[in-house]
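# Coordinates in review
Spelled out from the first residue to the last, the chains are:
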Amino acid sequence: MSDINTLLSSLDKVKNTGPGKYIAICPSHADRRPSLSIKLTDDDKILLKCWAGCQVTEIVGAIGLTLSDLMPEKPQGYDRAHARVPRFSKSEMFDRLLHESIILGLGIRRLLNGKELSPADIQSINKAESIIDELRKEVSR
Ligand SMILES: [Zn+2]
């Protein structure tokens, strides 16, 4: 049965970004800034998306939960045809894209100012690129 509070209490750096929406550190990879988007859908499913590419099963497994912990308790004879796969909206993906664009912009500005990029900067930029690529795949799904 889905319980967003159990999930959130197992995660680090949880931040509420809107009604039923959160970001957090992904427990499934060495995450430095929150890659994990969490959303509670209208029909009580918990949607997880690691923009660095972790599978949902890996993410729940890393905190000792299973996929069934993301699903609401269904009444007997529940109509599977109505069980649509939850997705992030275009505007939520756009917010993420904007965030990653800012990271890239900061890197570009450092270079334009004749400053070196630190290894951490380069890591952030590489990550921003892979998240943008992941967003592109998600939008064209
Ligand atoms: Zn991850």
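As a reminder, the structure under discussion sits directly above these lines.
The shown structure was predicted, so the numbers you read here are calculated from the model rather than taken from an experiment.

### Some points on the coordination of the zinc ion
- At 2.0 to 2.3 Å from the zinc ion lie its protein donor atoms, namely Cys26 (SG), His29 (ND1), Cys50 (SG) and Cys54 (SG).
- Around the zinc ion sit four donor atoms, and with donor-metal-donor angles ranging over 101 to 118° the site reads as tetrahedral.
- Motif for the zinc ion, donor spacing along one chain: C-x2-H-x20-C-x3-C. Taken together, the residues His29 in the loop between strand S2 (21–25) and strand S3 (36–40) and Cys50 in strand S4 (residues 46–50) connect sequence positions 21 residues apart.
- We classify Cys50 as buried; its relative accessible area is 2%.

### What to know about the pattern of salt bridges
- For the coordinates displayed, the defined rule picks out eleven salt bridges.
- Here Lys21 and Glu92 are joined by a salt bridge, their closest N and O atoms 3.1 Å apart. With Lys21 in strand S2 and Glu92 in helix H3 (residues 90–112), this residue pair connects regions lying 71 residues apart in the sequence.
- Of the residues examined, Lys21 reaches a relative accessible area of 27% and is grouped as partly exposed.
- For Glu92, a relative accessible area of 14% translates into the label buried.
- A salt bridge links Lys137 to Glu134; its shortest N-O distance comes to 3.6 Å. Residue Lys137 and its partner Glu134 are located together in helix H4 (residues 119–139), separated by three residues, close to a single helical turn.

### What to know about the sheet that holds strand S1 (residues 12–18)
- Spatially, S1-S2-S3-S4 is the arrangement adopted by the four strands of the open sheet, whose pairing is antiparallel. Looking along the sheet, the strands with just one partner apiece sit at the ends: S1 and S4. Neighbour to neighbour, the strand axes of the sheet diverge by 20° on average, direction disregarded.
- Strand direction decides the pairing type here: S1 and S2, joined by four bridges, are antiparallel. Along S2, the bridge assignment pairs Asp12 with Ile25.

### Some details on the side chain of Ser124
- Mapped onto the elements of the fold, Ser124 is located in helix H4.
- In this structure, Ser124 is in contact with Arg32, Arg33 and Ile103, ignoring residues within four places of it in sequence.

### Brief notes about the environment of Asn126
- With respect to the helices and strands, Asn126 occurs in helix H4.
- Overall, Asn126 belongs to the partly exposed group, its relative accessible area being 44%.
- A sequence separation of 22 residues divides Asn126 from Leu104, and the C-alpha atoms of the two residues are 9.1 Å apart.

About the cut-offs
- Residues numbered from 1 in each chain as written.
- Predicted model: local features only at pLDDT ≥ 70, side-chain atom pairs only at ≥ 80, totals over all residues.
- Heavy atoms only, no water.
- Donors = N, O, S within 2.8 Å, 3.2 Å for Na, K, Ca; no water.
- Tetrahedral: all angles 85-135°; square planar, octahedral: opposite > 155°, others 65-115°.
- Helix = DSSP H or I, 4+ residues; strand = E, 2+ residues; numbered from the N terminus.
- Buried < 20%, exposed > 50% of the residue type's maximum accessible area, 1.4 Å probe, protein only.
- Salt bridge = Lys/Arg side-chain N within 4 Å of Asp/Glu carboxyl O.
- Pairing = 2+ DSSP bridges.
- Axes fitted to C-alpha atoms, helices over the stretch in contact; angles between N-to-C directions.
- Contact = heavy atoms within 4.5 Å.

Spatial relationships are all this shows, so hold off on functional conclusions.
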